[in-house]
Each structure stands twice: as C-alpha cells, then as structure tokens.
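Listed here are the chains, written in short residue letters.
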Amino acid sequence: SGGGSITAIGANATGIRAYDGTGGAITIDNAGDIVASDTGSGASYHGVAAGIDAIANAEGGSAAITNSGDISATGDMGGAGIRVTSVGIGASASVDNIGTIYAASSPDGKYTSMGIDVAADGDVFAINAGSITAYSGGLGLGMSARSLAGDVLVLNSGDIVATGNALPGYGGAYAILSASQNGSALAANAGSLGATNPLGIAFGITADGATYSSATNSGDVTSDGKYSRGIFATSSLGDVVVQNSGS
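Residues numbered from 1 in each chain as written. Predicted model: local features only at pLDDT ≥ 70, side-chain atom pairs only at ≥ 80, totals over all residues. Heavy atoms only, no water.

**Observations regarding the overall build of the protein**
Stated precisely, the cut-off is as follows: Secondary structure counts use DSSP, requiring at least four H or I residues in a row for a helix and at least two E residues in a row for a strand, with both numbered from the N terminus. Atoms considered for the radius of gyration are the C-alpha atoms alone. The globule rule reads 2.2 Å times the number of residues to the power 0.38. Exposed residues in this analysis have more than 50% of their type's maximum accessible area, buried residues have under 20%, and partly exposed residues fall in between, with area computed by a 1.4 Å probe over protein chains only. What makes two residues a contact is simply this: any of their non-hydrogen atoms within 4.5 Å. Accessible surface is estimated by sampling points in the Shrake-Rupley manner with a 1.4 Å probe; for residues, cover comes only from the protein chains shown.
Scanning the protein for helices and strands turns up zero helices and 22 strands. Here the C-alpha atoms of the protein give a radius of gyration of 17 Å, agreeing with the 18 Å that 2.2 N^0.38 yields for 247 residues. The C-alpha extent of the protein, read off along each of the three principal axes, is 50 × 40 × 30 Å. Among the 247 residues that make up the protein, the fraction classed as buried is 49%. Nonlocal contacts in the protein, meaning residues at least 24 apart in sequence, comprise 77% of its contacts between residues at least 6 apart. Working note: accessible area of the protein is about 9800 Å², and carbon and sulfur atoms make up 51% of it.

**Regarding the pairing of strand β6 (residues 62-67)**
What counts, and what does not: The criterion for strand pairing is that DSSP finds at least two bridges linking the strands in question.
Burial along β6 is one-sided: the face carrying Ala-63, Ile-65 and Asn-67 is buried and the face carrying Ser-62, Ala-64 and Thr-66 is not. Bridge count between strand β3 (residues 25-30) and β6: six bridges; the pairing is parallel. For Ile-28, the partnering residue across the bridge sits in β6 and is Ile-65. Judged from the six bridges that link them, β6 and strand β9 (residues 92-97) form a sheet pairing that is parallel. When the bridges of β9 are listed, Ser-62 appears paired with Ser-92.

**Section: the sheet that holds β6**
Stated formally: A fitted line through C-alpha atoms represents every axis, and for helices the fit uses only the stretch in contact; the resulting angles, taken between N-to-C directions, go from 0 to 180 degrees.
Strand order in the open sheet formed by eight strands is β3-β6-β9-β12-β15-β18-β20-β22, and the pairing between neighbours is parallel. Of all strands in the sheet, those bounded by a partner on one side alone are β3 and β22 (239-244). Within the sheet, the average angular offset between the axes of one strand and its neighbour, ignoring direction, is 5 degrees. The pairing of strand β15 (residues 152-156) with strand β18 (residues 184-189) spans five bridges and is classified as parallel. The residue bridging Leu-153 from the neighbouring strand is Leu-186, located in β18.

**Notes on a nonpolar patch on the surface**
Selection criterion: Patches here: salt-bridge-free residues with over 30% relative accessible area, like charges joined within 9 Å, nonpolar side chains (Val, Leu, Ile, Met, Phe, Trp, Tyr) joined within 5 Å. We count a salt bridge whenever a side-chain nitrogen from Lys or Arg sits within 4 Å of a carboxyl oxygen from Asp or Glu.
A contiguous nonpolar patch, built from Leu-167, Tyr-170 and Leu-199 and spanning about 330 Å² of accessible area, is present on the exposed surface. Among the structural elements, Tyr-170 can be located in the loop between β16 (159-163) and β17 (172-180). The class for Tyr-170 is exposed, based on a relative accessible area of 62%.

**Re the environment of Val-118**
The topology assignment puts Val-118 in strand β11 (residues 112-120). For Val-118 and Gly-47, which are 71 residues apart along the polypeptide, the C-alpha to C-alpha distance reads 21 Å. Val-118 has contacts with Val-84, Ala-93, Ser-94, Val-95, Val-124, Ala-126, Ser-144, Ala-145 and Arg-146, leaving out every residue within four places of it along the chain.

**Points about the packing of aromatic side chains**
What counts here: Paired rings are identified among Phe, Tyr and Trp, the last through its six-membered ring, by centres lying within 6.5 Å, and are further divided according to the angle between planes into stacked (under 30 degrees), edge-to-face (over 60) and tilted (the rest).
Scanning all chains against the criterion turns up two aromatic pairs. With 5.6 Å between their ring centres and 80 degrees between their planes, Tyr-174 and Phe-203 make a pair best called edge-to-face. Of the two residues, Tyr-174 is situated in strand β17 and Phe-203 in strand β19 (residues 192-209); the sequence distance between them amounts to 29 residues. With relative accessibility at 9%, the residue Phe-203 sits in the buried group. When the centroid spacing of 5.4 Å and the interplanar angle of 40 degrees are considered together, the rings of Phe-203 and Phe-232 count as tilted. Placement of the pair is Phe-203 in strand β19 and Phe-232 in strand β21 (residues 220-234), with a sequence separation of 29 residues. According to the relative accessible area criterion, Phe-232 is partly exposed, its value standing at 33%. Chaining the aromatic ring pairs together yields one cluster made of Tyr-174, Phe-203 and Phe-232.

Following this line, the structure appears as structure tokens:
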C-alpha cells in the first residue's frame, strides 16, 4: 500500500509483482504512479511490460488488487496495466480501479494489450470507475474478466477504449469481456465504452457464461469494426438477458 512512484524498464518490466503458492491471500493497494516499459533511454528491449502482476497459485487462494494511481504499461510484445491470475480449485480474483490505465503493444498483429485482465479458477469480480486505454496491433482488451468454474461480475462506470488491428482469429478489440467456462457471466456498464478494429472483431460489451449471461448498459457504447457488436451476450446452457437504456 502506498502513494510513491515506480518506474521499471527492461525486457520483462513489472512495476509490482506478488506471488503466493500456499493458498493464502494476496492483497495489493496501490495509490502511486507506475510506469513499466521495455524502452528506456536507449533502444527497445522488445519485451513485455506489466504495471501490477499478481499470481495466486494454490487451491483456495485469492488475489485482490485496489488501484487509484496512474499506470502505464508499454511493451513491444505486450502490455498489461493490471493482471491478476488465481489458479487452483476455488481460487478467486478481484480488481477495483479508480485510476488511469494505459496499456500498449506493437502495431504488429501478433501481440496483446490489456488494461485490466482478471482470471481465476473460481469467482472473479472486477470494477472500474477510472479511465482505461488498451491499444494493440493484435488484441486490445480494455477490461477482461474470465473464470474456469466460478461466476464473473464486471461493473464499469468509467471510460474504456480498446483498439485492435487484426483479422478474426488473430486478435480484436473488446472494451468489456466477461466470461465463464462453467459458471455465469455478468457485465454492467454505466460509463463510456469504445472498441475499434478496422480488420475484424470490435465488441463493446461481451458476456459469455455457460450457465447464465447478463449484459446491462445505461451508458454509451461505440463499436467500430468489420465485425462490430455494441453488446454481445451468449450462453451455452442457460438464459441470456440483455438490458439497454443507454446510447
């Protein structure tokens, strides 16, 4: 926890990294500014960069990130503002952001940039009231939350812009992605979303849950791409609910 500033430069640059392999709890509270980059005063290291990276790697573990600082993560081969991964039965993950996040990678179509990416075997919760920009020549993810066996809930009242530049199957642009392979997926937006990919997929809100999917919008959603969807909701086994009162 704290409000100091961090700068990390290198081929694998990470501002804050936390790891637990015991089934315990990871908690990170950041109020400072973070710059992670594969490029310093000289030539690029042609690497990857992450502002905050947390990994809980055991059954029943958890990782919870709170951020109110400004984060910039730029890497030629990928950038992630906040990345949280919880692996193991019942392992959970959450992110609460009110800061400004910028993530960018090379215009080359092979790479991925993520503003917030949360993944767990168990339940996932992600909330954003800040500003997120994710740019990639491949896959641009503004706010991504995914679970193998749990339920996923994504809430946004901030501004999210995701940009990709790749053909379907190679990348795309997703402002909000909520997905669960074996549980429910819910996404609610009251903010401003933009997804742009001139070559392929550009989705504003995506909800994809096996047992149930819900997408709710009371904000502004703009999608611009060859395969453009303002809201896309699907479920392999359960009901699908879409509610829109925004623009």
